[in-house]
Amino acid sequence: MKIDIKRIENRINEIGNIGKVSSGGVTRFPYTDEEKKTKELIINWGNEIGLNVFEDSIGNVIFHKDGLKNNGEIILMGSHIDSVPNGGKYDGVAGIVSYLEIMEIFHENKIKTKYPLEFIIFVNEEGCRFPIGLMGSSALAGRLSKEDLYENKDREGLILAKEMERYGYDPDKIMEVKYPLEKVKAYFELHIEQGGVLDTRDIPIGIVDGITGLSVLTVKIGGISGHAGAFPMEGRRDPLITATKIIQFVQKTALEYGNTARGTVGDIRVLPGGSNVIPSTVEFTIDYRDLNFENMKNAIRKITRYSKEISSESGVQCTIDVNQMIKPVLSNYKLIKEISNSAERLEIPYMNLPSGAGHDAMIIGQFCPMAMIFIRSVGGVSHCPEEYSTSRDIGLGTKVLMDTLLKVAN
Ligand code: GLV
Ligand code: MN
Ligand code: MN
């Protein structure tokens, strides 16, 4: 059974053309025409090979292939098609295209596994438009409420629930999205590696042993606005000055906690936003991660304490919301072993490594056995237009995953 590398490449490029932006990358946000068009394309490919396709009430798309034994037990895979602003073509998409390729081959060769196979396009994995990443998988896990959907807004102030409705989804039915994860015998996610670890060592495939913990905070600082020329320098309550101190502190803290800690401020808004106006409000995000959960929680406590203290000293108001706080999660050792066995059988070099990036697997993996296959990222760049993995490497990862499925699903 031969993986069609050209088909993988063509599909990645075809999807990559949807949402292409002038700065060279791809912007494909949830609940947009670009997302809709991409789903339609993939659903069409799924229909052509006889998969049962179902879209749930928030927009996760589920592709199902019956097994010989349909008693509810299932082998699940997942990934996403949304992107960061001006992102790359491979993040998320590589997984979906790989699952489709496996389903194509099983269809062509009339292969039916004992347990049914399913793969899911999870909605809003990145959380860049609506700051509630890993949303689709969280909903499957029953961890998302109707209130979350009505409270969450994008930069334009558009309400998530309303945007969902505009595309025909029903936020009020969020609880119906809950999935029987206790019936999932194994969850797999194939993804590009996004760092330089595999590329530096010239290894095409990685097997993930665990995913780093992830937290996202929103900090809002309110000060006193005024005329940039008329208002004296003394006595200003400029929230941006305080924000810069907190941002420096985030970096300092992550450096202090060492090797596995990461702290990033990647989104900031200065209001009202005029060159000659002292800002009234500054809002920014903090993305903080660590493989060590205790260290992650302590670091966030430290950053919160510092933010309050420095704000109070500077006479500005500071509120901090924790949007997300997800524990690090370990892959299932039996599945790791199955994947390693497959790679060895196929004589494909691999190594074990942790994932510094977040994935839907960290939600699903809290409820059922989970494992991830990583594909080498050339130059270790990701979340930018330069993101690149060769079709050959994606083909190798697909081959390993297919071989693993034939074992685990039978
Ligand atoms: C997902 O791309 C993440 O933010 O790790
Ligand atoms: Mn990503
Ligand atoms: Mn991703």
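Each value, and the rule that gives it
- Residues numbered from 1 in each chain as written.
- Chains lettered and ligands numbered in written order.
- Predicted model: local features only at pLDDT ≥ 70, side-chain atom pairs only at ≥ 80, totals over all residues.
- Heavy atoms only, no water.
- Helix = DSSP H or I, 4+ residues; strand = E, 2+ residues; numbered from the N terminus.
- Buried < 20%, exposed > 50% of the residue type's maximum accessible area, 1.4 Å probe, protein only.
- Contact = heavy atoms within 4.5 Å.
- Areas by Shrake-Rupley, 256 points an atom, 1.4 Å probe, with all protein chains shown as cover.
- Lys, Arg positive; Asp, Glu negative; His and termini not counted.
- Charge placed at Lys NZ, Arg CZ, Asp CG, Glu CD.
- Core = buried A, V, L, I, M, F, W, Y, C linked by side-chain atoms within 4.5 Å.
- Donors = N, O, S within 2.8 Å, 3.2 Å for Na, K, Ca; no water.
- Pairing = 2+ DSSP bridges.
- Axes fitted to C-alpha atoms, helices over the stretch in contact; angles between N-to-C directions.
- Parallel < 35°, antiparallel > 145°, perpendicular 65-115°, else oblique.
- Left-handed = near helix turned anticlockwise from the far one by under 90°.
- Phe/Tyr/Trp six-rings, centres within 6.5 Å; stacked < 30°, edge-to-face > 60°.
- Near = heavy atom within 4 Å.
- Polar contact = N/O pair within 3.5 Å; in protein donor to acceptor, adjacent residues only side chain to side chain.

1. Observations concerning the overall build of the chain
For step 1, the next point in the chain: Looking only at helices and strands, the chain has 12 helices and 16 strands in total.
For step 2, the next point in the chain: Here the chain holds 410 residues, and 54% of them are scored as buried.
For step 3, the next point in the chain: Counting only contacts in the chain whose residues sit at least 6 apart along the sequence, the fraction spanning at least 24 positions is 79%.
For step 4, the next point in the chain: Entry remark: accessible area of the chain is about 17500 Å², with carbon and sulfur atoms responsible for 50%.
For step 5, the next point in the chain: Of the charged side chains in the chain, 48 are positive and 55 negative; the average position of the first set lies 3 Å away from that of the second.

2. A look at the nonpolar core
For step 1, the next point in the chain: Among the nonpolar cores identified, the biggest contains 54 residues, and Ile42, Ile75, Phe119, Phe188 and Leu401 are the most heavily contacted of them.
For step 2, the next point in the chain: Leave out the neighbours within four places in its chain, and Ile75 touches Tyr115, Pro116, Leu117, Glu118, Lys185, Ala186, Phe188, Leu405, Val408 and Ala409.
For step 3, the next point in the chain: Grouped together as the second largest cluster of nonpolar side chains are 46 residues, Ile62, Leu76, Leu160 and Phe374 included.

3. As for the coordination of the manganese ion (ligand 3)
For step 1, the next point in the chain: Bound to the manganese ion (ligand 3) on the protein side are His80 (NE2), Asp91 (OD) and His191 (NE2), at distances that span 2.0 to 2.2 Å.
For step 2, the next point in the chain: Coordination of the manganese ion (ligand 3) draws on donor residues from a single chain, spaced H-x10-D-x99-H in sequence.
For step 3, the next point in the chain: A separation of 3.5 Å is found between the manganese ion (ligand 3) and the manganese ion (ligand 2), which share Asp91 as a coordinating residue. Of the two residues, Asp91 is situated in the loop between β3 (74-80) and α3 (93-108) and His191 in strand β5 (residues 184-192); the sequence distance between them amounts to 100 residues.
For step 4, the next point in the chain: Overall, the relative accessible area of 7% leaves Asp91 in the buried class.

4. Structural notes on the pairing of β5
For step 1, the next point in the chain: Along β5, eight of the nine residues are buried, which leaves the element largely enclosed by surrounding structure.
For step 2, the next point in the chain: As paired elements, β3 and β5 share four bridges and run parallel to each other. By the bridge assignment for β5, Ile74 is matched with Val184.
For step 3, the next point in the chain: Bridge count for β5 against strand β16 (residues 370-375) is six bridges, and the pairing is parallel. Each residue of the ladder has a partner; that of Phe188, found in β16, is Ala371.

5. Looking at the packing of helix α8 (residues 239-257) against helix α9 (residues 293-314)
For step 1, the next point in the chain: Interaxial distance between α8 and α9 falls to 10 Å at its minimum, and their mutual angle equals 155°. When the interaxial angle is binned, α8 and α9 end up roughly antiparallel. The handedness of the crossing between α8 and α9 comes out as right-handed. From α8, Thr242, Lys245, Ile246, Phe249, Val250, Thr253, Glu256 and Tyr257 reach across to α9, where they touch Asn295, Asn298, Ala299, Lys302, Ile303, Tyr306, Ser307, Ile310, Ser311 and Ser314.

6. Re the coordination of the manganese ion (ligand 2)
For step 1, the next point in the chain: Every protein donor of the manganese ion (ligand 2) is listed here as Asp91 (OD), Glu126 (OE), Glu126 (OE) and His383 (NE2), and their distances to the metal cover 2.0 to 2.7 Å.
For step 2, the next point in the chain: Read from N- to C-terminus, the donor residues coordinating the manganese ion (ligand 2) fall into the pattern D-x34-E-x256-H.

7. Quick word on the packing of aromatic side chains
The description of an aromatic ring pair rests on the distance of the ring centres and on the angle between the ring planes.
For step 1, the next point in the chain: One pass over the full model with this rule turns up five aromatic pairs.
For step 2, the next point in the chain: With centroids separated by 4.5 Å and ring planes inclined at 5°, the aromatic side chains of Phe63 and Phe119 adopt a geometry described as stacked. With a gap of 56 residues between them, Phe63 in strand β2 (residues 61-65) and Phe119 in strand β4 (residues 117-122) connect regions that are remote in the sequence.
For step 3, the next point in the chain: Ring plane angle 50° and centroid distance 5.7 Å describe the contact between Tyr99 and Phe119, whose orientation is recorded as tilted. Here the residue Tyr99 occupies a position in helix α3, and Phe119 occupies one in strand β4, the gap between them amounting to 20 residues.

8. With respect to the site of ligand 1
For step 1, the next point in the chain: The environment of ligand 1 is formed by Glu125, Glu126, Arg289, Ala357, Gly358 and His383.
For step 2, the next point in the chain: One of the side-chain nitrogen or oxygen atoms of Glu126 is found 3.0 Å away from an oxygen atom of ligand 1.
For step 3, the next point in the chain: Here His383 contributes a side-chain N or O atom positioned 3.1 Å from an oxygen atom of ligand 1.
For step 4, the next point in the chain: Surface burial for ligand 1 is 88%, taken as the share of its 200 Å² of free accessible area covered by protein chains.

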